[in-house]
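# Secondary and tertiary structure notes
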Amino acid sequence: MSRTCRPTGSTTLTAAARGGTFSPPYCRTRGQDGAGGAVSTARLPRILMLLSFRRGAAVSDRRTHPNPWPHEAAMAIPVPATPVRVRIAPSPTGDPHVGTAYIGLFNAAFALRHGGQFILRIEDTDQKRSTRQSETAIFDSLHWVGLRWDEGPDVGGPCGPYRQSERSSIYLAHSQLLLDNGTAYRCFCTAERLEAVRADQRSRKETARYDGFCRGLDPTHADRRAQQGEACVVRLRMRQEGETAVPDALRGQVVYDNRQIDDQVLIKSDGLPTYHLANVVDDHLMGITHVIRAEEWLNSTPKHLALYEAFGWTPPVFVHMPLLRNADKSKISKRKNPTSLQYYQRAGILPEAMLNFLALMGYSRKDEAGADIEKFGFAEFAADLELSRISLGGPVFDLEKLRWINGLYIRAMTPAELADRAVRWFGQDDRAAEIAALVQERVPELGDYMHHAGPFYRGSLDYGANARYLLVGCASRKKYAVRMPIAASRAFFEDVIAGLESLTEWSAPAIEAVLRATLATIPAAIGDGMMAVRVAVCGRPASPPLFESIAAIGRATVLVRLREVCNLLAEPRALADIAAGLRQELQATESALAAALGAPAVASSPSAAGST
RNA sequence: GCCCCGUUAGUCUAGCGGUCAGGACACGGCCCUCUCAAGGCUGGGACAGGAGUUCAAUUCUCCUACGGGGCACCA
């Protein structure tokens, strides 16, 4: 039972042969809607081909389970005779995300496996949130984990430009095509009206979607209004009856009622395309054969299919990967997990370990004996990658296992290699000089360097006995110190996080401004508040100048630490444990001391533990 | 609320009608050992529930429950 992808000519059954009645995989009920007159018959051979593969196809299977399409089990991923072209399309809004590396890994490996190309495209159609800084950070981080792309904004290629913000005219021209053939229309509805419609629909417990107010507008009249400068968007004219079946390569046919699907905005009033339009146009123009993306896109695929149909194009093969999860199984988020690749890089995770770990999320490899192979590199992974073997349950991103794998790689090095890697990791860090400058005054001997520089080179921190400083003012020696309770301290840290998150420029003065502004809102003394932040960020009550330190530690890491402090403070039990531990520790020390001095042990007072 | 996807131990997974339900992380015990790791041995721990199909269901079908995602002029 072969699991290998085979070219078109393989011997598996065709959908027609199996199913008897055959209709195209999407829009199974063709609408009578005359407006959308786009071609579709040209696609048929391709579609047949897509359907002619199923996972481990065996005729006997079909006999025992004459399970008619479309409830077909997942099929093996079809690989056409044309070269495989895949892509990732990250949006440059914020820190480079582990999810990007995850999807990138599977795309890149799939391309390598089939001798195709892997393309990086930047989806920066959201003017408000996209930044160049974020874009270069994405390049850097993806390079860091070892991903290389054949085409992209930084390396060029025959299908450029690879930045959507540089392709506006292309999208506009294509939207005009749809306007011309009637599969799209102009909409002049205001945001307020749309919101009212949605609220109304929700109150009536219906799916919130556009109500088609501008659907019937006369096109020439609408064009004139647009020309006169009236703000408008372009919407897709979605078929209003029948069903659309999405052929997902891992799930089989996923069927949607067309009435559930919105008349999606294609061109925003700023003239830029939405993701949906840009993505379909680019994938087609760039010759993408397989769209391997996250599951969160599954529900919008019917819209994409409708677009391919409106243009008369052949859609690619769709593969929706499971979503990486937090420990509570929700979609991975920075609130509950470090999600920034920069965090892992600075925490000393090896890129090859990160990639290896990511490959284990939803995928597994076995040796001849049937035992799992846990440690493997990109090339090995790609060599026998079979997308149809991906398991669909959302894998929890487990830091413990990541650390274990990282240790595997570290132990596999020769001591000389490890020394070399470690020294390079410290030395080539672009912050090395910055950190040295901060630590310099506190280093009487070189040997002290590591102690003081430690917090700059770690990921999350272990607060231990210093945890008490996290309660603002509680460890203060000031005479009239305001001691803030747990909840208030946590709220304070939440505010600090919000302030730091909103910073466009990550610099000491900017950080100082945020901290001072936040401190102004709490009753505690400035110094006491700063101390709490210092311990949260540096792990100790003694550190180099705070603002500079925060700047040097870096946004991703600082925010992870602050969020962990919030989580810690949200768990009173953990705090009580810390307090109890402190008291015990103190008592033990005193007893030991007393014993050593030959005097009876003195009962210690709880207040000596530092919390009042 | 509506739609879609998913469900094997705390976690990552194997399994594609008949298995003592396999491996890994984590956890416990023992060994090694000056400590801590690492390593070796070992232990506990899972098919969400209910119907149905079948001689036989973890595996196929349906229902329920639970988890997740989507429902934007964000991607």
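Computed from a predicted structure; not experimentally measured.

Let us look at the pattern of salt bridges. Throughout the structure, instances matching the rule amount to 34 salt bridges. For Asp-223, the salt bridge is made with Arg-186, and the minimal N-O distance between the two is 2.8 Å. Separated by 37 residues along the polypeptide, Asp-223 in helix H8 (residues 219-227) and Arg-186 in strand S3 (residues 184-187) bring together distant segments of the chain. As a salt-bridge pair, Arg-335 and Glu-494 come within 3.2 Å of each other at their nearest N and O atoms. Taken together, the residues Arg-335 in the loop between strand S9 (317-321) and helix H11 (341-346) and Glu-494 in helix H18 (residues 486-501) connect sequence positions 159 residues apart. A relative accessible area of 30% places Glu-494 in the partly exposed class. Salt bridges sharing partners connect three or more residues here, namely Arg-87, Arg-121, Glu-123, Arg-167, Asp-282 and Asp-283.

Taking burial as the measure, the 11 residues of helix H10 (residues 301-311) include 11 buried ones, the bulk of the element. Residues of H10 that are buried include every one of Thr-301, Pro-302, Lys-303, His-304, Leu-305, Ala-306, Leu-307, Tyr-308, Glu-309, Ala-310 and Phe-311, and no others. A positive backbone phi angle near 80° is found at Gly-312, which sits one or two residues after H10.

What follows deals with the state of the cysteines. Taken as a whole and judged by the stated rule, the model has zero disulfides. Cys-189 provides the cysteine sulfur closest to Cys-187, a residue in no disulfide bond, and the two sulfurs are 3.7 Å apart. On the accessibility criterion, Cys-187 (2% relative accessible area) is buried.

Looking now at the packing of aromatic side chains. All told, the structure shown has 15 aromatic pairs when counted by the stated rule. Here the aromatic rings of Phe-106 and Tyr-363 are separated by 6.2 Å at their centres, their planes lie at 80°, and the arrangement is edge-to-face. One end of the pair, Phe-106, is in helix H4 (residues 98-113); the other, Tyr-363, is in the loop between helix H12 (351-359) and strand S10 (365-366), with 257 residues separating them in the sequence. Judged by its relative accessible area of 0%, Phe-106 is buried. For Tyr-363, a relative accessible area of 5% puts it in the buried group. On the basis of an interplanar angle of 70° and a centroid distance of 4.6 Å, the ring pair of Phe-426 and Tyr-457 is categorised as edge-to-face.

Now for the pairing of strand S1 (residues 85-88). Side chains of S1 alternate between two faces, with Arg-85 and Arg-87 and Val-86 and Ile-88 buried alike. Alignment of S1 against strand S2 (residues 117-120), held across four bridges, turns out to be parallel. The residue bridging Arg-87 from the neighbouring strand is Ile-119, located in S2. The parallel pair S1 and S2 is bridged by H4, and the resulting crossover is right-handed.

Cis geometry marks the peptide bond from Gly-160 to Pro-161, where omega comes out at -5°. Relative to the helices and strands, Pro-161 is located in the loop between helix H5 (132-145) and helix H6 (168-181). Of note, the phi angle at Lys-329 is positive, near 80°, even though the residue is not glycine. By the element assignment, Lys-329 lies in the loop between S9 and H11.

Here three strands make up an open sheet; going across it, the order is S3-S4-S7 and the pairing antiparallel. Looking at strand neighbours, the two that pair on one side only are S3 and strand S7 (265-267), the edges of this open sheet. Along the sheet, successive strands turn relative to each other by an average axial angle of 45°, direction set aside. Summarising the sheet, S3 and strand S4 (residues 233-236) pair through four bridges and their orientation is antiparallel. Counted as the bridge partner of Tyr-185 is Arg-235 from S4.

In this section: the confidence of the model for chain A. For chain A, mean pLDDT is 83; residues scoring 70 or higher make up 82% of the total. Here residues 1-75 is modelled with pLDDT under 50, and outside its nearest four sequence neighbours on either side it reaches 139 contacts, counting other chains as well.

Turning next to the environment of Leu-194. Of note, Leu-194 is situated in helix H7 (residues 191-203). By relative accessible area, which is 17% here, Leu-194 ends up buried. For the pair Leu-194 and Tyr-210, spaced 16 residues apart in sequence, the C-alpha to C-alpha distance is 7.3 Å. Beyond its immediate sequence surroundings of up to four residues, Leu-194 is in contact with Cys-189, Tyr-210 and Arg-235.

Conventions used here
- Residues numbered from 1 in each chain as written.
- Chains lettered and ligands numbered in written order.
- Predicted model: local features only at pLDDT ≥ 70, side-chain atom pairs only at ≥ 80, totals over all residues.
- Heavy atoms only, no water.
- Salt bridge = Lys/Arg side-chain N within 4 Å of Asp/Glu carboxyl O.
- Helix = DSSP H or I, 4+ residues; strand = E, 2+ residues; numbered from the N terminus.
- Buried < 20%, exposed > 50% of the residue type's maximum accessible area, 1.4 Å probe, protein only.
- Disulfide = S-S within 2.5 Å.
- Phe/Tyr/Trp six-rings, centres within 6.5 Å; stacked < 30°, edge-to-face > 60°.
- Pairing = 2+ DSSP bridges.
- Right-handed = clockwise from strand over helix to strand, strands pointing away.
- Axes fitted to C-alpha atoms, helices over the stretch in contact; angles between N-to-C directions.
- pLDDT = per-residue confidence, 0-100.
- Contact = heavy atoms within 4.5 Å.

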